[in-house]
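Spelled out from the first residue to the last, the chains are:
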Amino acid sequence: MKKYYILSKTATVESYQGIFNNFGLIDTEIVSYVRAVNHVFVDNIISDKDSLILLIPTILDPFNAYSYDGVEYALKYYCHFVSTKKEDFQIILLGSEEESAFWKHCDYSSFLKCPHVSYLKNNVYPIKEYLAHIESVVFDMDWTFCIERLKQVNVKKPASYKTHHSITNEWSIYRWSKCLGITNVEIQKEIEDFLYFNYLKAIYSETGTEHSELLYLFEKGKILLIDDEVGKGWHSFFKSFCGRGPSFSSIGDSFKNLTPEEIINNAEQKVKEYNPDVVVLDLRLHDDDFEIKDPMQLTGSKIFERIKAYNKGIQIVVFSASNKVWNYLPLASDGVILKESPDLSVNENYTQECIKNLRDTLMNCLKKSYLRKIYPKIEKLKKLVKQSDYFGDETDVMLGNIDVAFDLLAKSEEANEYKAYSFLQLFLVIEKYVGLESVFDKTDTSVYLYNGSNRYLILKDGEQKENSKDTYYQSVVTFEPPYFIFKRGSYNARFIETFFKVSVLLIFKFGKSSSNELNWPILNKKRNDIAHSGAEIKDKDIECLLDFMFFIFDESNTCWRDIKDAFPVESLEEQIIKLPE
Amino acid sequence: MIYLFEDREERKRQFLGGEFNHSLIQHKPFDCADSKEMVDYIKSNYRDAAAVLLHKSYEFGNKGITIDSVKNGFQNALNIPVVLFSGGSNSNLIREGETITAEINSGVMYRNLTCFLDDYQTNGEVCIPLLVYGKNYRLNQLLEMQAKIYSYVFDRKENDEITQTDKRHILKISRAVTDNGLIDDISKLQNWIEERLTNNNPITVLLLLNQIQNLINKYQ
C-alpha cells in the first residue's frame, strides 16, 4: 500500500485537500508545514512500513522564493530515508517554473539526479497523472548509486565557524556512539534540524566495530570533562565510555551565561573539588573565543594554566573540534583528542581511529594518575627547602633539581629508567645538604656536626694506616648492620659517606637512637642499587623518599642531643700536642 | 543612516576586509542603560536611522536589555526595519505588517552589505531583500509572483482560459511587485493581460505561465 503526503506552508491545507478529493486523490493527506517539520511526524513516516510518496513544493514560503526552502525540506527527508535505509519512497518536487529554470536558479537542483526524486509542475493534473503512473511501481534502491548521487548535491556547510564547530561536536558524538554501540546518547534536536547534519548521516555509513568492547576504558582514576558542549551528549557518551573504569564528571552546561572569567573560576573550583587525575579540556568555551586569534588567550587555555599552576600532575588532554589544534602546542598538553570533523569521515576507518586515539590517550594519562598525588608532595618539599634556607644562594638550584625530578617522573611512562633518575635527582638534594660546610665541618683528623651555635665532634683522631686508603676514626655512632646506632666505636672509610652523615643527623639532630628511621637504610640501599646495577624503582619508593625528605627538611622535627653526647671538643693546645712531630 | 550593532569585531574585519567606511553606515555600541528609557534613548541617539542591523546574540551592557526589547524599541520609536543577523541563521525575509525585515546569515549580510548601501545611496530607500538575496532580490520577487499564480491555477488545465475573475486575482498578485527595476516589465505583463482580454483574445493557463516564465528568464 502507498501513502501520499503533500506538504504545504500556506493556510490552504483544507483547500488542497478539497481539490485532491475532487480529483479522486482521496488517499493523499495534506500535511501542514508545522506538522511536517515535527520530529514525531518524521519518525512516524520513517518507521511506517507502507510505501511513501511525498509531494513537496520547491517553494514553501513564496516571500522567500529564491531560498527554495521546499527543496531543503525535501532533501532533509531524503537524507532521513537514506540514513535509515528506507527504500520504498518517492519524493516529488512541485515546481512553479520550467524544470530548466529550476536547474538554473536552485543551488540544489542536482537533487533531481538522485533516484526516487522527480520534478512536476505544481498543478493537480500532472500530479494525478504521475501518481497514476507510479501506483503499481515497486520502489527499490541501489544504495551505492543513491549515495554517489546524493554526494553530488554537495550540501553546503554552515557558514559560521561556530555553527560548524557545533556540528563537529554533534557529529563526533553521533559517530562515536554508533561505533561503540552506545545507545543512551541523545543528539540535540536543534542540530538534527540542520540539513547538513542529516546529509552527513546519509552519505557516511555507520562504522560499528565487532570488538568495540576493547575500546572502552578500564584503568581506574578520575576524569573531568570541561566543555561547553557537554550537555549535547558528551556527558552521556563519556559516562558510558568510562564504564566500570574511571569515575567521570563534567562541567560546561552552565557556561553559556557566564563571562570568560566566571567560566575560568568555575572550572578551577570544580577541579579543586573533584580532584581529577585527567582533565579533558575544550579550549573554546565562550562565544568570544571564536574571534580570538592568539590560542593562548582562549578561555580554555587560561583554565589550562590555572590547573597546571594548581597541580602540575593533573593530566590535561586538549579536546578540540578544530584541526588547527596543533597551534595550541605551546600549552604543552598531555595529549590531544580531535573531535571528528565531517570532512575527515571520508576515510571509513577514521571513526575507529578517533576512538582508539581517545582510548589510548586517556589510558595513558590515567596510568600517570600518581603524578597528581605526587605533585603536592613535590610542592611541599620545595616549600620546606625554601623555608629552611639551608642552601642559601643555592636554594633556587635545589628547587630546580626537585622540579627536574618531577619532570623525569612525568616521563617515566616512556621508559621506567626515568623513575630511577627521578629518585637519584631527589637523593642528590640530600647529598648536597649533608655536603654543606654549614652542616658537616671537616678537618684533617676530625668531623664536626654544626647546629648553628655548637659544634658536635662526631669523628676524631682520623688516621691513615699503611696499605689502606681508608681513614680510621673514633666515632660517636657505631655501624650495626644495616644501620648506625648511638654508641661509641670506630668508623673507617675512604671518604665520609652520605649514609654515615645522614645517620649522624638522625641520631644527633633529630634525637633518634639509631638511623633505622623512616626507611633510611632501605632508601640508601635503593640509591646504591640504582647507581651500581640499575635497579627498578616503583612509585612507592619515590613517595617513601619524599616522606623521608619532608622529615629532614622540616625544622620543627629538630631535637638536638646534648653536646655532651658528642666527643668533647679539644682545646687548641691539645690539638697542637697531637700534631705529628 | 544604517546602524550596525556588531560585537564580533573580528568577524566584521574578516568579511569587510580591514577598516570599512561608507558614509551611510555607522558602527556603534548600543549602550542604553535603562530598558524603560529605550524609546527615548533611541529617538535621541538614532533619529536618522533608516534600518538597523543587529547581531542576534549581541551582548548588551545592561542585562535587562534583550534583543526583542531593542527590536521593539526601534520599531516603536522610528518604525524602521530591524534586521537580525547571526552565523547560525538561514536567511529569510520577514513581513511584519507594512515593514519588510529579515533574519539573515551574517556571512550573507556582509557579502551583500556594500551593494545594499550603494542602492540606498542611489534610491534613498532601504531595500532589505537586496541585503538578503543580493542582486537576485528581483528574481526572488518574480519567483514569488510566479509561485502565487501557480497556486492560484493549481486545479486548472493548461488549455483552460483565464476569466475576468482570474484576471483580477492575477493582476492583484502582480501588483505586489513594487520594485522600481521591475515595474516596467510588470506593467507590460499587466497591459498584455488587460489588452488581450479586452479584445476577446483568450489567454490560456499555459500561455499565461509561459509569459511569466519568459519575463523571469530576463532576470537570471
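Definitions and cut-offs
- Residues numbered from 1 in each chain as written.
- Chains lettered and ligands numbered in written order.
- Predicted model: local features only at pLDDT ≥ 70, side-chain atom pairs only at ≥ 80, totals over all residues.
- Heavy atoms only, no water.
- Buried < 20%, exposed > 50% of the residue type's maximum accessible area, 1.4 Å probe, protein only.
- Helix = DSSP H or I, 4+ residues; strand = E, 2+ residues; numbered from the N terminus.
- Arc of directions from axis to C-beta.
- Contact = heavy atoms within 4.5 Å.
- pLDDT = per-residue confidence, 0-100.
- Axes fitted to C-alpha atoms, helices over the stretch in contact; angles between N-to-C directions.
- Parallel < 35°, antiparallel > 145°, perpendicular 65-115°, else oblique.
- Left-handed = near helix turned anticlockwise from the far one by under 90°.
- Nonpolar A, V, L, I, M, F, W, Y, C, P; charged D, E, K, R; others polar.
- Buried area = accessible area lost by both parts, 1.4 Å probe.
- Salt bridge = Lys/Arg side-chain N within 4 Å of Asp/Glu carboxyl O.
- Polar contact = N/O pair within 3.5 Å; in protein donor to acceptor, adjacent residues only side chain to side chain.
- Pairing = 2+ DSSP bridges.
- Right-handed = clockwise from strand over helix to strand, strands pointing away.
- 1 Å grid on protein atoms, 1.4 Å probe; cavity = no way out; pocket = protein on both sides within 12 Å on 5 of 7 lines; lining within 4 Å.
- Points joined across faces, edges and corners; volume = space filled by probe spheres on them.

**Things to note about helix α2 (residues 38–45) of chain B**
All names here are of chain B. Those residues of α2 that fall on the buried side of the exposure criterion are M38, Y41 and I42. What you see down the axis of α2 is that its buried residues fit within an arc of 95 degrees, all on one side. Away from the buried face of α2 by more than 90 degrees, exposed residues D40 and S44 are located. The inward-facing, buried residues of α2 contact α3 (67–78).

**Concerning the confidence of the model for chain B**
On average, residues of chain B score 89 in pLDDT, and 99% of them reach the 70 mark or higher. For this predicted complex, the interface confidence score (ipTM) comes to 0.88, while the overall pTM stands at 0.74.

**Comments concerning the packing of helix α18 (residues 498–509) of chain A against helix α19 (residues 520–533) of chain A**
All names here are of chain A. Axis separation between α18 and α19 bottoms out at 11 Å; the angle between their running directions is 165 degrees. When the interaxial angle is binned, α18 and α19 end up roughly antiparallel. The way α18 lies across α19 gives a crossing that is right-handed. Residues T498, F499, V502, S503 and L506 of α18 touch α19, and the partners they reach there are W520, P521 and N524. Here the residues of the contact of α18 with α19 are counted per class, giving five nonpolar, three polar and no charged.

**A word on the interface of chain B and chain A**
Taken together, the contact pairs 34 residues of chain B with 35 residues of chain A. Interface area, chain B with chain A, both sides summed: about 3,000 Å², of which 56% is carbon and sulfur. For the chain B face of the interface with chain A, the top three residues by lost area are R8, Y150 and F154 of chain B, together amounting to 25%. Between the two partners, chain B and chain A, sit zero salt bridges. The interface formed by chain B and chain A contains 12 residue pairs in polar contact (both at pLDDT 80 or more). Looking at the side of chain B that touches chain A, the elements that each hand over two or more residues are α1 (9–16), β5 (92–96), β6 (99–105), α6 (137–152) and α9 (205–217) of chain B. Sort the elements by how many residues they give to the side of chain B that touches chain A and α6 of chain B lands first, with eight residues. For the side of chain B that touches chain A, the class distribution of residues is 11 nonpolar, 12 polar and 11 charged.

**Some remarks on the pairing of strand β8 (residues 278–281) of chain A**
Residues and elements named next belong to chain A. Both faces of β8 are covered, namely the face carrying V278 and V280 and the face carrying V279 and L281. Strand direction decides the pairing type here: β8 and strand β9 (residues 315–320), joined by four bridges, are parallel. From the neighbouring strand, V279 faces β9, where its bridge partner is I316. Since β8 and β9 lie parallel, the crossover through helix α13 (residues 299–310) that links them has a hand, and here it is right-handed.

**Quick notes on the layout of surface pockets**
Residues and elements named next belong to chain B. There is about 790 Å³ of room inside the second largest pocket. If you trace the second largest pocket, you find 30 residues lining it, with I100, V126, C127, P129 and T178 closest to the centre. Elements with a minimum of two residues in the lining of the second largest pocket: β5, β6, α4 (106–123), α5 (128–133) and α6. Looking at the lining of the second largest pocket residue by residue, the class counts come to 13 nonpolar, nine polar and eight charged.

**Here's the deal with the pattern of salt bridges**
All names here are of chain A. Inspection of every chain in the model, using the stated rule, returns 35 salt bridges over all chains. For the salt bridge of E261 with R306, the shortest nitrogen-to-oxygen distance reads 3.0 Å. With a gap of 45 residues between them, E261 in helix α12 (residues 260–274) and R306 in helix α13 connect regions that are remote in the sequence. Owing to a relative accessible area of 42%, E261 belongs among the partly exposed residues under this scheme. For R306, a relative accessible area of 28% puts it in the partly exposed group. The shortest N-O distance in the salt bridge between E268 and R306 comes to 2.7 Å. Pair noted here: E268 is in helix α12 and R306 is in helix α13, with a separation of 38 residues, a long-range link. Judged by its relative accessible area of 18%, E268 falls in the buried class. Connected through salt bridges with shared partners, the residues E261, E268, K272 and R306 form a single ionic network.

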